[in-house]
2 protein chains.
Amino acid sequence: MNNFTFYSPTYFVFGKRTENEAGHYVKRFGGTKVLIHYGGGSVLRSGLLDRVKASLDKEGVPYVELGGVKPNPRSGLVYQGIDLCRKENVDFVLAVGGGSVIDSAKAIAAGVKYEGDFWDFFEGKPIEAALKVGTILTIAAAGSEGSGDSVITKEEGMYKRGAGSEHLRPVFSILNPELTQTLPAFQTACGAADIMAHVFERYFTNTKEVEITDRLCEAVLLTMVKEVPRVIEDPNNYDARANIMWAGMVAHNNLVGVGREQDWSSHSIEHELSALYDVAHGAGLAVIFPAWMTYVMHQNVNRFAQIAVRVWGCQMNFENPEETAKEGIKRLKNFFKSIGLPTNFEELGAKEEDIPKMVEKMQLGENGSCGQFVKLKAKDVEAIYRLAL
Amino acid sequence: MNNFTFYSPTYFVFGKRTENEAGHYVKRFGGTKVLIHYGGGSVLRSGLLDRVKASLDKEGVPYVELGGVKPNPRSGLVYQGIDLCRKENVDFVLAVGGGSVIDSAKAIAAGVKYEGDFWDFFEGKPIEAALKVGTILTIAAAGSEGSGDSVITKEEGMYKRGAGSEHLRPVFSILNPELTQTLPAFQTACGAADIMAHVFERYFTNTKEVEITDRLCEAVLLTMVKEVPRVIEDPNNYDARANIMWAGMVAHNNLVGVGREQDWSSHSIEHELSALYDVAHGAGLAVIFPAWMTYVMHQNVNRFAQIAVRVWGCQMNFENPEETAKEGIKRLKNFFKSIGLPTNFEELGAKEEDIPKMVEKMQLGENGSCGQFVKLKAKDVEAIYRLAL
């Protein structure tokens, strides 16, 4: 196990009707003027936004609002948000939505406290301060409610990049599984793929002797394998929604990834898909992950056999562990299919002829690479895209 | 799943040589005058205390010190600590040791900020403020490094009681598994039993539909089942120590227990054993838990079968799940034996004739009860003590 630090100071408020406590928590964490940041019409139509406003009104906390966040959130709206916060002396950004809204809120929060262009942070500049961020989560997926990460797409060129900092950890996050019950099945499934992907990125590691984090990773995956089909069958299954929602937080606040090298190449590879075709991140991950696994499996066949046995319930083939490893990947692919996700380019609506362009946009160059489990060169990334055709 | 809040804001610093960063973290979290609180000679002999002082000196943070914490920490030293902190204007308590030292430090931290008798908190008064506490952990066991709990024994009458508050969560905890390598095997095993007990208290619940926390509980237990025998065999196995140490934190910061009713009767039942005989808490738990499980099993046989299958690798007996449940309890008892722990009164040095006295001291009265999974009356507690003979 490697040395590490772990810091997850977010105050989580979980359960039915908890969005009505938003005002209380904004006040508790020192917010005096709020930007309510959200996406499209669903938070308006469902009455969620009204309940959040009522909760702020009750505590006498003033607010301004900025809607319009899209999936794969864009830099343009972040600039707008930064300007609005400065003009209105906002000191607290309250995200009401899913990962895209939260990521956009985090970028605004960091940008307000920075004199330069906020995009600098997404090109590697460390974030040294940010407004406080709180969240009211409406989809179990990105884990952004408990993480210090943000992913934004720059509109000029559609580059999708990530930034991370302790300053971006939300001070509180309100998770009400009821809010996810109205999601279409496809979005629910995409969220599930995203959650599982966050675990895979940590699970496949070259660090030895990490039983506790292996087992915690498997705990999240086993929960998903049990609960996701239940919500696909019955969208109103509160308890299954609740287990998935908490699993989504645990999958990405890094508790399951400390002390070990992590990979993250599949996320980079997928980012080019969702940037180019504007497909859901989770759908892209469902296409990329089985391909990536197939390509890198020989780096550590026994690790792939381990997940096959422990998560997918495969019988270990002691004569030929590779068969077990392959069976695990097959079951993952079948699982994604069974919950209605695409598992190849065609189903996703991606095109073979765009592969060189996507590889190019990853900017790996001659000697660059992405990922840690196996350091992938441009030719490897291309091969993985092709395995996903 | 029940509604819940979860807040674990401790900054964890994990790994080799991390104790040398103590001064840095005290300063980061605003400490300007420190009480170094510790137990017996081992932190002196090992040079750990010197390294911690050097680290504080390096940052220019002044300190006073108070050693002498005993296992099952006593109220007397807490009063001394409170007086010393007030006299010396201490604003940060740095615990260097195991759960007893940390619990004593927390009690001091709360007591300094309170005009009345600190023992009030251990009789149920809510804690509203406390000095900041940091920890340098030397044994994987109590989980106090990540929890808001403290257990203190009142010397008049040897009453052992607990208090809990968000204000008692350490602001940082330094976990260096190397520091645990010098522990005698028996203490290591007692710590392991304590960690596993923290999971059991949460695992046995009447709350339905808690797959994510079930699986996280099992993740910790599976890790212990793998790693503990390895450190008993080779005390210098750093990686096995590391996995256990992080498992010990995860077991008790409540991540694995949110959203579900928890039991905690076995801890209360054990507290009377360790208060009366001054035995190690973990040794007492190893004696009590199999007895408690045997007594309450019929409340939910399938839950006991589940842990038998998922943690102990039993084959499910579908015709007779009770057999599987019993097999799981048997394997737990065998596991405790195999790592050198007592599993009955005799091996613990406890006496049958003291049973009525211990039941009496639990102050359950005519109508009181302890525990949630099964609400135990005085006669039930007596029966459990007798099952442990």
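Residues numbered from 1 in each chain as written. Chains lettered and ligands numbered in written order. Predicted model: local features only at pLDDT ≥ 70, side-chain atom pairs only at ≥ 80, totals over all residues.

Focus: the nonpolar core
Spelled out, the test is: Definition of nonpolar core: a set of buried Ala, Val, Leu, Ile, Met, Phe, Trp, Tyr and Cys residues joined via C-beta atoms within 7 Å. Residues with at least 20 other C-beta atoms within 10 Å of their own are called buried, those with 12 or fewer are called exposed, and the rest are partly exposed. The C-beta atoms themselves are positioned from the backbone. Residue pairs are scored as contacts if the distance between their C-beta atoms, which are placed from the backbone, is within 7 Å.
The biggest cluster of nonpolar side chains holds 266 residues, and the ones touching the most others in it are Val93(A), Val96(A), Val220(A), Val93(B), Val96(B) and Val220(B). When residues no more than four places from it in sequence are discounted, the contact partners of Val93(A) are Leu35(A), His37(A), Ala105(A), Ile108(A), Ala109(A), Leu131(A) and Val133(A).

A short note on the environment of Asn2(B)
Stated formally: Under the scheme used here, helices are H or I runs from DSSP no shorter than 4 residues and strands are E runs no shorter than 2 residues, and both carry numbers assigned from the N terminus.
For Asn2(B), the position within the fold is in the segment before β1 (4-14). Take Asn2(B): there are 16 C-beta atoms within 10 Å of it, and that puts it in the partly exposed class. Put simply, Asn2(B) and Val258(B) are 256 residues apart on the chain and 8.1 Å apart in space, counted from C-alpha to C-alpha. Ignoring any residue separated from it by four or fewer positions in sequence, one finds Asn2(B) in contact with Gly15(A), Thr207(B), Gly259(B) and Arg260(B).

Let's talk about the packing of helix α7 (residues 211-233) of chain A against helix α7 (residues 211-233) of chain B
The axes of two packed helices give the description: the angle between them and the distance between them. In plain terms, the rule: Fitted lines through C-alpha atoms serve as axes, helices being fitted only where they are in contact, and the angles separating the N-to-C directions of these axes extend from 0 to 180 degrees. Angles are sorted into four bins: roughly parallel if under 35 degrees, roughly antiparallel if over 145, roughly perpendicular if 65 to 115, and oblique for all others. Take the far helix as the reference: if the near one is turned anticlockwise from it by less than a right angle, the crossing is left-handed, and if turned clockwise, right-handed. Each residue is assigned to one of three groups, with Ala, Val, Leu, Ile, Met, Phe, Trp, Tyr, Cys and Pro labelled nonpolar, Asp, Glu, Lys and Arg labelled charged, and all others, Gly among them, labelled polar.
Running from N to C, α7(A) and α7(B) point in directions that differ by 150 degrees, and their axes come no closer than 8 Å. Between α7(A) and α7(B), the interaxial angle falls into the category roughly antiparallel. Crossing hand, α7(A) versus α7(B): right-handed. Here Glu211(A), Ile212(A), Arg215(A), Leu216(A), Glu218(A), Ala219(A), Leu222(A), Thr223(A), Lys226(A) and Glu227(A) of α7(A) come into contact with α7(B), specifically with Glu211(B), Ile212(B), Arg215(B), Leu216(B), Glu218(B), Ala219(B), Leu222(B), Thr223(B), Lys226(B) and Glu227(B). Split into classes, the residues belonging to the contact of α7(A) with α7(B) amount to eight nonpolar, two polar and ten charged.

Focus on the interface of chain B and chain A
Note the cut-off: By the convention used here, strands pair only if DSSP detects at least 2 bridges between them.
Counting residues at the interface gives 33 residues for chain B, matched by 33 residues for chain A. Elements with a minimum of two residues in the side of chain B that touches chain A: β1, α7 and α8 (238-250) of chain B. Among the residues forming the side of chain B that touches chain A, the class breakdown is 16 nonpolar, nine polar and eight charged. When strand β1 (residues 4-14) of chain A meets β1(B), the two strands line up antiparallel, connected through nine bridges. Bridge pairing in β1(B) places Phe14(A) opposite Phe4(B).

Some thoughts on the pairing of strand β2 (residues 34-38) of chain A
Two faces belong to every sheet, and in a regular strand the side chains alternate between them. All names here are of chain A. Of all five residues that make up β2, five are buried, and the element is covered over most of its length. Every second residue of β2 is oriented toward a common face, with Val34, Ile36 and Tyr38 on one face and Leu35 and His37 on the other, all of them buried. When β2 meets strand β4 (residues 92-97), the two strands line up parallel, connected through five bridges. Each bridged residue has a counterpart across the sheet, and for Tyr38 the counterpart in β4 is Val96.

Some words on the sheet that holds β4(A)
The strand order β3(A)-β2(A)-β4(A)-β5(A)-β8(A)-β1(A)-β1(B)-β8(B)-β5(B)-β4(B)-β2(B)-β3(B) describes an open sheet built from twelve strands, whose pairing is mixed. With one partner strand each, in any of the chains shown, β3 (63-66) of chain A together with β3 (63-66) of chain B form the two edges of the open sheet. Recorded for the sheet is a direction-independent mean angle of 25 degrees between the axes of neighbouring strands. Here six bridges tie strand β4 (residues 92-97) of chain B to strand β5 (residues 132-137) of chain B, and the two strands are oriented parallel to one another. Bridge pairing in β5(B) places Phe92(B) opposite Lys132(B).

A closer look at unusual backbone geometry
Phi angles above zero are rare outside glycine, and Asn89(A) is one such case at about 55 degrees. Given 10 C-beta atoms within 10 Å, Asn89(A) falls into the exposed group. We note that Gln363(B) has phi near 55 degrees; this positive angle belongs to a residue other than glycine.

Some remarks on the domain arrangement of chain A
Residue and element names in this part refer to chain A. Threshold: Residue ranges assigned to each domain were obtained from an automatic or database domain assignment.
What the domain assignment lists for chain A is domain 1 (11-179) and domain 2 (185-387). When each unit is reduced to the centre of its C-alpha atoms, the spacing between domain 1 and domain 2 is 27 Å. Listed per partner, the contact involves 19 residues of domain 1 and 24 residues of domain 2.

Details of the relation of the copies chain B and chain A
To be explicit about the condition: Fitting of the copies onto one another was done by least squares over C-alpha atoms, counting residues only where both copies have pLDDT of at least 70.
For the match of chain B to chain A, the screw axis carries a shift of 0.0 Å, the RMSD comes to 0.0 Å, and the turn is 180 degrees. Taken together, the rotation and translation relating the two chain copies correspond to the operation of a two-fold axis. Minimal C-alpha separation from the rotation axis in chain B is found for Pro9(B), amounting to 1.9 Å.

Notes on the packing of helix α4 (residues 75-87) of chain A against helix α5 (residues 99-112) of chain A
Residues and elements named next belong to chain A. Close contact between α4 and α5 brings their axes to 9 Å; oriented N to C, the two are set at 50 degrees. Here α4 lies oblique to α5, going by the angle between them. For α4 against α5, the interelement crossing comes out right-handed. Of the residues in α5, those in contact with Leu77, Val78, Gly81, Ile82, Cys85 and Arg86 of α4 are Ser104, Ala107, Ile108, Gly111 and Val112.

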